[in-house]
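Notes for the structure review
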Amino acid sequence: GVQAALAAALALAVYVRTLAPTVMWYDMGEFAATAYVLGVAHNTGYPLLLLLGKLFTFLPVGDVAYRVNLMSAVFGALTVLCAYLLVFDLTGRRSPAAVAALALAFSSTLWSNATWATSYDLNAFLTAWLLRDDTRTCGGAIPAISGPRL
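Quick caveat, the model's predicted, so the values are computed rather than measured.

1. Some words on the overall build of the protein chain
- The helix and strand inventory of the protein chain stands at eight helices and zero strands.
- Each helix (α) and strand (β) of the protein chain, taken in turn from the N terminus, gives the series α-α-α-α-α-α-α-α.
- Seen through its principal axes, the protein chain has C-alpha atoms that stretch 50 × 30 × 25 Å.
- Within the protein chain, the fraction of its 150 residues that count as buried is 39%.
- The contacts of the protein chain with a sequence gap of at least 6 include a subset with a gap of at least 24, amounting to 64%.
- For the protein chain, the exposed surface amounts to about 8,300 Å²; the carbon and sulfur share of it is 67%.
- The average position of the 8 basic charges and that of the 7 acidic charges among the side chains of the protein chain differ by 12 Å.

What follows is the structure, encoded as structure tokens:
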């Protein structure tokens, strides 16, 4: 528990330190604007992302874009937390869990997406959370990996 929280806190601190200060590029401005007005983003609409983004727009820091960027940082850190817990559940050891969580936290993919408004960190968090829930439900094994051998 404590080491998982420390890994997530370290990741969040680095993500916030390197967070985009406002709108930068790609879909960032669209996600910030549509979260603020509860509009519909392109194609799939990203309803969960925008509803959660709306909650972050109420924070009293920075501009609206910064607040929605902050949401990505929070979900990136929560992904790190879940990754630690997942590896710990599978191995029962803290060192591999910490190494895996921090390797994920500072991988270029997760880190770069945690610094600006995207849907990737929310998706990564939900995936890690569901994988961990699956392993706990199945007694510490991932069914697709540890299922019956033919």
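What follows continues from the structure just given.
2. Overview of the side chain of Asn69
- Residue position: Asn69 is located in helix H4 (residues 64–91).
- Judged by its relative accessible area of 0%, Asn69 is buried.
- Those residues in contact with Asn69 that sit more than four places away from it in its chain are Leu19, Ala20, Thr22, Met28, Ala114, Thr115, Trp116 and Ala117.

3. Structural notes on the nonpolar core
- One finds Phe31, Val68 and Met71 to be the most contacted residues of the largest nonpolar core, which totals 19 residues.
- Those elements that provide at least two residues to this core are helix H2 (28–37), helix H3 (47–56), H4 and helix H7 (120–137).
- Residue contributions to this core peak at five residues, all from H4.
- With residues near it in sequence (within four places) discarded, Val68 still touches Phe31, Ala32, Ala35, Gly53, Thr57 and Ala117.
- One finds Ala4, Leu19, Tyr66 and Val80 within the second-largest nonpolar core, a separate group that totals 17 residues.

4. With respect to unusual backbone geometry
- Although it is not a glycine, Leu38 sits at a positive phi angle of roughly 55°.
- Checked against the element boundaries, Leu38 lands in the loop between H2 and H3.

5. Let's talk about H3
- Listed as buried for H3 are Leu49, Leu50, Gly53, Lys54 and Phe56. All buried residues of H3 project into a common sector of 155° when viewed along the axis, lining one side. Of the exposed residues in H3, the ones pointing more than 90 degrees away from its buried face are Pro47, Leu51 and Leu55.
- Packed against the buried residues of H3 are H2, H4 and H7.

6. Side note on the pattern of salt bridges
- What the rule picks out here adds up to two salt bridges.
- Through salt bridges with shared partners, a single network forms among Asp89, Arg132 and Arg136.

What counts, and where the lines are drawn
- Residues numbered from 1 in each chain as written.
- Predicted model: local features only at pLDDT ≥ 70, side-chain atom pairs only at ≥ 80, totals over all residues.
- Heavy atoms only, no water.
- Helix = DSSP H or I, 4+ residues; strand = E, 2+ residues; numbered from the N terminus.
- Buried < 20%, exposed > 50% of the residue type's maximum accessible area, 1.4 Å probe, protein only.
- Contact = heavy atoms within 4.5 Å.
- Areas by Shrake-Rupley, 256 points an atom, 1.4 Å probe, with all protein chains shown as cover.
- Lys, Arg positive; Asp, Glu negative; His and termini not counted.
- Charge placed at Lys NZ, Arg CZ, Asp CG, Glu CD.
- Core = buried A, V, L, I, M, F, W, Y, C linked by side-chain atoms within 4.5 Å.
- Arc of directions from axis to C-beta.
- Salt bridge = Lys/Arg side-chain N within 4 Å of Asp/Glu carboxyl O.

From the geometry alone we can't say anything about function, so treat these as descriptive.
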